[in-house]
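# Summary of structural features
Spelled out from the first residue to the last, the chains are:
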Amino acid sequence: MSHRKPVILVTGCSSGIGLALTRLLFGRLDDYRLVATARTSSLPKIAKAGIPSSENLRLRPLDVTSGEERTALIAEIERDWGGVDILINNAGISYRSVVEHLTEQDEQLQFNTNYFGPTHLIRLCLPGMRQKRAGRIINISSVGGMMAMPTMGAYSASKFALEGITEALYYEMRPWNVKVSLIQPGFVRSNSFKNVTVSEQARQAVETSSTYANYYWHMSRFIAGLMNRSKATPEHIAAKIIQLMEQPHPQLRVPASLDARFFTLMTRLIPRRIYHAILYRNLPGIKTWGTGQHEALESPAEVKEALFEKRSTR
Ligand SMILES: NC(=O)c1ccc[n+]([C@@H]2O[C@H](COP(=O)([O-])OP(=O)(O)OC[C@H]3O[C@@H](n4cnc5c(N)ncnc54)[C@H](OP(=O)(O)O)[C@@H]3O)[C@@H](O)[C@H]2O)c1
């Protein structure tokens, strides 16, 4: 009797968690079929990672912000492999910008990638999943989806939104046996923090050492430090995702690293008013924020390096 292998679709497989997940899932192709996707320009990065070809693996272009690419890919999977059984919305970008430096286009790009891309894909997969009365949707959120930090407002807003809609979907899909979860990684030790998207005004502020330059300086060093010290690697998070994917009764929210579990606990136990006060007082260099001391940056060149090296600007 032929047994249909569940089909997994993963977005954003060219680096970090997505690439680690592709590597791990490649070892599971006896049990699954995998469609690993990346933007056209980034597909060669998956090939370079040395993942061999297999009849159960398809590498496909998918820019999650493109309606045309989303529709064509889901149609292809339905036609050839009977549809998506497990959707893992991993692709994401992270803006580094204070709210005052964001344009509407910046916010749109942040949301198109982290929120609208995933929700459009979900809507394309749901009819097939409901028809089979089976399926799984795993959305990659973040500690940034539980708490917001200065210079990361747009990112947090997009993850808060993703958390909200995923929670609603969790209830809507229970009667259909479609299991819906959020994975919440904390700071991950990888080069991903170098992939932040810097708004044009943020770049200018740093380059001219003007207002807010010290926010960027302190926050980028602080976040890079947390990521470098983190014990969690993309491989750890990928293993957590697979564990969650195979659980018969997955939780809605799964903190995926030690710091994520700590923040979950902290936001539950400490009254919000006190939590905000503690966080504010402990922000790096907070005494200099808003004082006009931005010209006293230790090394503007170092700030630029910390913020802009290998980073994209939009
Ligand atoms: N790293 C962390 O500390 C951390 C913590 C919490 C949550 N997360 C979340 O984990 C997920 C993966 O992030 P990561 O850490 O692995 O970062 P990453 O290495 O920067 O990976 C992000 C992936 O998303 C892809 N991507 C960006 N825009 C896309 C688009 N429009 N269409 C398709 N793919 C797109 C990137 O592809 P390109 O190569 O084409 O840019 C890349 O493959 C994200 O949702 C992120 O928010 C990360």
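## Looking at the packing of helix H4 (residues 104-132) against helix H5 (residues 153-173)
One way to put it is that H4 packs onto H5 with a least axis distance of 8 Å and a crossing angle of 15 degrees. Comparing the axis directions of H4 and H5 gives the class roughly parallel. In this structure, H4 meets H5 at a crossing whose hand is right-handed. Contact residues: H4 offers Gln110, Phe111, Asn114, Tyr115, Pro118, Thr119, Ile122, Leu126 and Arg130, while H5 offers Ala154, Tyr155, Ala157, Ser158, Lys159, Ala161, Leu162, Ile165, Leu169 and Met173. A class-by-class count of the residues in the contact of H4 with H5 yields 13 nonpolar, 4 polar and 2 charged.

## Some remarks on the pairing of strand S6 (residues 135-140)
For S6, the buried fraction is high: 6 of the 6 residues fall into the buried class. Here S6 shows two buried faces, one formed by Gly135, Ile137 and Asn139 and the other by Arg136, Ile138 and Ile140. Judged from the 4 bridges that link them, strand S4 (residues 86-89) and S6 form a sheet pairing that is parallel. For Ile88, the partnering residue across the bridge sits in S6 and is Ile138. Note: S6 against strand S7 (residues 178-184), 6 bridges, orientation parallel. Its bridge partner being in S7, Ile140 is matched across the sheet by Ile183. In terms of handedness, the path from S6 via H5 over to S7 forms a crossover that is right-handed.

## Section: the packing of aromatic side chains
By the definition in use, this model includes 6 aromatic pairs. Arranged with centres 5.0 Å apart and planes meeting at 80 degrees, the rings of Tyr115 and Phe116 form a pair that is edge-to-face. By relative accessible area, Tyr115 is classed as buried at 14%. Residue class for Phe116 comes out partly exposed when judged on its relative accessible area of 37%.

## What to know about the site of the ligand
Neighbouring the ligand are 29 residues; Ser14, Ser15, Ser42, Asn90 and Tyr155 lie closest to it. Contact between the ligand and Ile17: an oxygen atom at 2.8 Å from a main-chain N or O atom of the residue. For the ligand, an oxygen atom lies 2.9 Å from a polar atom in the side chain of Lys45. For the ligand, whose accessible area on its own is 880 Å², the fraction buried by protein is 91%. Contributions of two or more residues to the shell around the ligand are made by helix H1 (16-26) and H5. For the shell around the ligand, a count of residues per class yields 11 nonpolar, 14 polar and 4 charged.

## As for the sheet that holds strand S9 (residues 253-255)
Spatially, 7 strands are ordered S3-S2-S1-S4-S6-S7-S9 in an open sheet, and the strand pairing comes out parallel. Strand pairing shows two members of the sheet lacking a second neighbour, strand S3 (57-61) and S9, which therefore form its edges. The average angle at which neighbouring strand axes cross in this sheet is 15 degrees, direction not considered. Against the sheet, H4 makes contact with S4, S6 and S7, and its axis sits at roughly 175 degrees relative to S4, the strand it touches most. Packed on one face of the sheet, helix H8 (residues 234-245) meets strand S1 (7-10), S4, S6, S7 and S9 and runs near 155 degrees to S6.

## Here's the deal with the side chain of Asn90
Of note, Asn90 is situated in the loop between S4 and strand S5 (95-96). What makes Asn90 buried here is its relative accessible area of 11%. Apart from residues no more than four positions distant in its own chain, Asn90 is found in contact with Val10, Thr11, Gly12, Ile17, Gly18 and Ile140.

## Brief notes about the nonpolar core
By size, the foremost hydrophobic cluster in this structure holds 32 residues, and its most contacted members are Ile8, Ile88, Ile183, Ile241 and Met245. Mapped onto this core, the elements with two or more residues apiece are S1, H1, strand S2 (33-38), helix H2 (43-48), S4, S6 and H8. Counting residues per element, this core draws most heavily on H8, which supplies 6 residues. Apart from residues lying up to four places away in sequence, Ile88 is in contact with Ile8, Leu9, Val10, Thr11, Leu21, Ile138, Ile140, Ile241 and Met245. Counting 26 residues, the second-largest nonpolar core is a separate cluster that includes Met147, Ala202, Ala205 and Ile286.

What counts, and at which threshold
Residues numbered from 1 in each chain as written. Predicted model: local features only at pLDDT ≥ 70, side-chain atom pairs only at ≥ 80, totals over all residues. Heavy atoms only, no water. Axes fitted to C-alpha atoms, helices over the stretch in contact; angles between N-to-C directions. Helix = DSSP H or I, 4+ residues; strand = E, 2+ residues; numbered from the N terminus. Parallel < 35°, antiparallel > 145°, perpendicular 65-115°, else oblique. Left-handed = near helix turned anticlockwise from the far one by under 90°. Contact = heavy atoms within 4.5 Å. Nonpolar A, V, L, I, M, F, W, Y, C, P; charged D, E, K, R; others polar. Buried < 20%, exposed > 50% of the residue type's maximum accessible area, 1.4 Å probe, protein only. Pairing = 2+ DSSP bridges. Right-handed = clockwise from strand over helix to strand, strands pointing away. Phe/Tyr/Trp six-rings, centres within 6.5 Å; stacked < 30°, edge-to-face > 60°. Near = heavy atom within 4 Å. Polar contact = N/O pair within 3.5 Å; in protein donor to acceptor, adjacent residues only side chain to side chain. Areas by Shrake-Rupley, 256 points an atom, 1.4 Å probe, with all protein chains shown as cover. Core = buried A, V, L, I, M, F, W, Y, C linked by side-chain atoms within 4.5 Å.

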